[in-house]
Amino acid sequence: MVRIKKESDDRILYGLVMSRFSKLTETSTSLEQKIEDIVYQKDAWTNTPPSILAKLPRRLHQQQDHPISILRNLIENHFQQFKAISPASAIVTTHMNFDELGFPADHPGRSLTDSYYLNQTHMLRTHTSAHEVETFRAGNDKWLLSADVYRRDEIDASHYPVFHQMEGARVWTRDQLQELKDLNAKMAEELAACPLVIEDISMTSESNPYQPQHDPEMAKEIAQNLKHSLNSMIFQLFGRLKAKSTDEEPLKVRWIEAFFPFTTPSYEVEVFWNGEWLEILGCGVVMQKTLDNAGAPQKLGWAFGLGLERIAMILFSIPDIRLFWSEDSRFLRQFQEGKINTFKPYSKYPPCYKDLSFWLPEEKNPKEAHGAKAAGGGMTSIKPFHENDFCEIVRDVAGDLIESVTPIDEFTNKKTGRNSKCYRLNYRSMDR
Ligand code: PHE
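Residue positions within a chain follow its written sequence, with the count starting from 1. In keeping with the model being predicted, local features are shown solely for residues with a pLDDT of at least 70 and side-chain atom pairs are shown and tallied solely at 80 or more, while totals for entire chains, interfaces and linings include all residues.

## Points about the overall build of the protein
Helical segments are the DSSP runs of H or I of at least four residues, strand segments are the runs of E of at least two, and each set is numbered from the N terminus. In terms of helices and strands, the protein carries twelve helices and 15 strands. Put simply, a residue is buried when 20 or more other C-beta atoms lie within 10 Å of its own C-beta and exposed when 12 or fewer do; between those, it is partly exposed, and each C-beta is set from the backbone. Residue burial in the protein is summarised as follows: out of 432 residues, 32% are buried. What counts as a contact here is a pair of residues whose C-beta atoms, placed from the backbone, lie within 7 Å. A sequence separation of at least 24 residues applies to 70% of the contacts in the protein between residues at least 6 apart.

## So, the environment of glutamate 154
Tracing the backbone through its elements, the reader meets glutamate 154 in the loop between strand E6 (142-150) and strand E7 (162-173). We classify glutamate 154 as partly exposed; it has 14 C-beta atoms within 10 Å. When the C-alpha atoms of glutamate 154 and aspartate 389 are compared, they prove to be 9.2 Å apart, with 235 residues separating the residues in sequence. With residues near it in sequence (within four places) discarded, glutamate 154 still touches His159, Glu387, Cys391 and Val405.

## A few points about unusual backbone geometry
Of note, the bond from threonine 264 into proline 265 is cis; its omega dihedral lies within 30 degrees of zero at -5°. Its location among the elements puts proline 265 in strand E10 (residues 263-273). For glutamate 36, which is not a glycine, the phi torsion comes out positive at approximately 50°. With respect to the helices and strands, the residue glutamate 36 is situated in the loop between strand E1 (32-35) and strand E2 (38-41). Phi at aspartate 65 takes a positive value of approximately 70°, unusual for a residue other than glycine. Here aspartate 65 shows up in the loop between helix H2 (50-53) and helix H3 (67-78).

## Concerning the site of the ligand
Using a C-beta atom placed from the backbone, a residue is scored as near a molecule or strand whenever that atom is within 6 Å of it. Near the ligand you find His127, Ser129, Glu167, Phe260, Thr263, Gly282, Cys283, Gly284, Ala303, Phe304 and Gly305, and these make up its full shell. Elements that contribute at least two residues to the shell around the ligand include exactly strand E11 (276-286) and strand E12 (299-307). Classification used: nonpolar for Ala, Val, Leu, Ile, Met, Phe, Trp, Tyr, Cys and Pro, charged for Asp, Glu, Lys and Arg, polar for all others including Gly. Tallied by class, residues from the shell around the ligand come to four nonpolar, six polar and one charged.

## What about the sheet that holds strand E3 (residues 83-85)?
Sheet strands pair by backbone hydrogen bonding; their relative direction is either parallel or antiparallel. Strand order in this open sheet of eight strands is E3-E6-E7-E12-E11-E10-E9-E8, and the pairing throughout is mixed. Of all strands in the sheet, those bounded by a partner on one side alone are E3 and strand E8 (196-200). Taken over all neighbouring pairs, the strand axes of this sheet differ in orientation by 20° on average, direction set aside. A pair of strands is considered paired only if DSSP assigns at least 2 bridges between the two. With five bridges connecting them, E11 and E12 associate as antiparallel partners. Orientation is described by axes fitted as lines to C-alpha atoms, over the contacting stretch for helices, and by angles from 0 to 180 degrees between their N-to-C directions.

## Observations regarding the nonpolar core
The nonpolar core is taken to be a set of buried Ala, Val, Leu, Ile, Met, Phe, Trp, Tyr and Cys residues joined by way of C-beta atoms within 7 Å. Among the nonpolar cores identified, the biggest contains 74 residues, and Leu71, Val269, Cys283, Val286, Trp302, Ile311 and Ala312 are the most heavily contacted of them. In this structure leucine 71 touches Leu308, Ile311, Ala312 and Leu315, once residues within four positions along its chain are discounted. By size, the runner-up hydrophobic cluster in this structure holds twelve residues, among which are Ala398, Leu401, Val405 and Tyr427.

## Focus on the sheet that holds strand E14 (residues 402-412)
Strand order in this open sheet of three strands is E13-E15-E14, and the pairing throughout is antiparallel. The open sheet has two edge strands, strand E13 (352-359) and E14, and neither has a second partner. Adjacent strand axes in the sheet meet at a mean angle of 20°, parallel and antiparallel pairs treated alike. The sheet contact formed by E13 and strand E15 (residues 419-427) spans eight bridges and is antiparallel. From the neighbouring strand, lysine 354 faces E15, where its bridge partner is leucine 425. Packing of helix H12 (residues 387-398) onto the sheet brings it into contact with E14 and E15, and relative to E14 it is tilted by some 135°.

## What to know about H12
Given 3.6 residues per helical turn, the α-helix brings residues three or four places apart onto the same face. Here, expected helix span is obtained from the residue count minus one, scaled by 1.5 Å. For H12, which comprises twelve residues, the first-to-last C-alpha distance of 16 Å matches the rise-based estimate of 16 Å (1.5 Å per residue) to within 8%. Of the positions making up H12, those classed as buried are Phe390, Cys391, Glu392, Val394, Arg395, Val397 and Ala398. Immediately beyond the C-terminal end of H12, within one or two residues, lies glycine 399, with a positive phi of roughly 60°.

## Remarks on the confidence of the model for the protein
A score from 0 to 100, pLDDT tells how confident the predictor is in each residue. Chain-level pLDDT for the protein is 90 on average; 89% of the residues reach the 70-or-more range. Here residues 1-7 scores under 50 on pLDDT; set against residues more than four positions off or in separate chains, the count is eleven contacts. Per-residue pLDDT stays below 50 along residues 366-379; that stretch engages in seven contacts with residues further than four places along the chain or on separate chains.

## A few points about helix H9 (residues 308-315)
A large share of H9 lies buried, amounting to six of its eight residues. Among all positions in H9, only Leu308, Glu309, Ile311, Ala312, Met313 and Leu315 are buried.

See below:
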């Protein structure tokens, strides 16, 4: 644990950050790495630091009495008859995470600045959708799959490089149209009796169409069932809390059009909470290619993926996402299976701001670079600066003491043309 207190500590921190920053521009040597008893060859894609690999065994979604696990259980109990699944490992192939789901080759999510790779073919899943094909292939028609997911990101109170998602899906065969219609009629009636305001500005349009191979009537019923199922889940989770609050307004949910490579039509759902719209999940009608790939071309249905931390932070009033990783008993003992207790802060430490500025690596001028290539030396490519790389170094040095990293200034030296950036780092301990 890095102690950041005195002037000299700032200099140590600065030195650490800068030495790691220069390491980022080096190409990694080809070595192997053993993770969960499997050996992975390192290559130019390897970018997962030990601090992230250390999260693999934590499995907060399965830790009894942990808020993430409590929420998972609440949702699993709501979706009666859905099979609950939790994959054994967070390591998936890039094929599962992207290709199989129809992500284009140039999708930004594939970049080294956004995802954690073990090598060119294996990575830490960025979403639970990575398991859709294998779960459908195993013959499941109604299922919920919970897991830890990994993304390189900015640093603030609601972003952490590891978080938890729950994927849910339900499929039917084409001859079940009447059954589906009856189910929808029943669900619509139940929902009408709930104090819930549903704003649905989503449409099926040219940019968010039904799939050509689907009977439009069946696709419409599937989208309807998706909406009923999620509205009812949201009411179950938030309704009680809303009723207890002093606010007279009923719970408000909003459906908006979205885009995912593996669903169409696609939607995002937001809940109105404490005066703002909060996005909690993405969903849609499963792209038929996914079910074809899974050997189930006769089935069609919906899928959703929701962020457990986002919802848990609201339900349990947890103000900072780092708290979920706390092993302090003052945090852990506040929660019990089946209960939504309000978190009581046990230590209030002040924020501690430090500003850090640095020059960006100089890019080679094009003439020079061309000359080097012509001479057979190869291009010495300097990696362009990306904020996610910087944030990762900060996390690596400061661990969970870092609360936020905010860009506050930029500067270009007119004479030399060099650029510099300045970031404000805010440290605050959650526990001590
Ligand atoms: N996997 C998507 C995400 O992480 C969410 C999603 C799941 C969207 C299933 C549609 C269907 O953003």
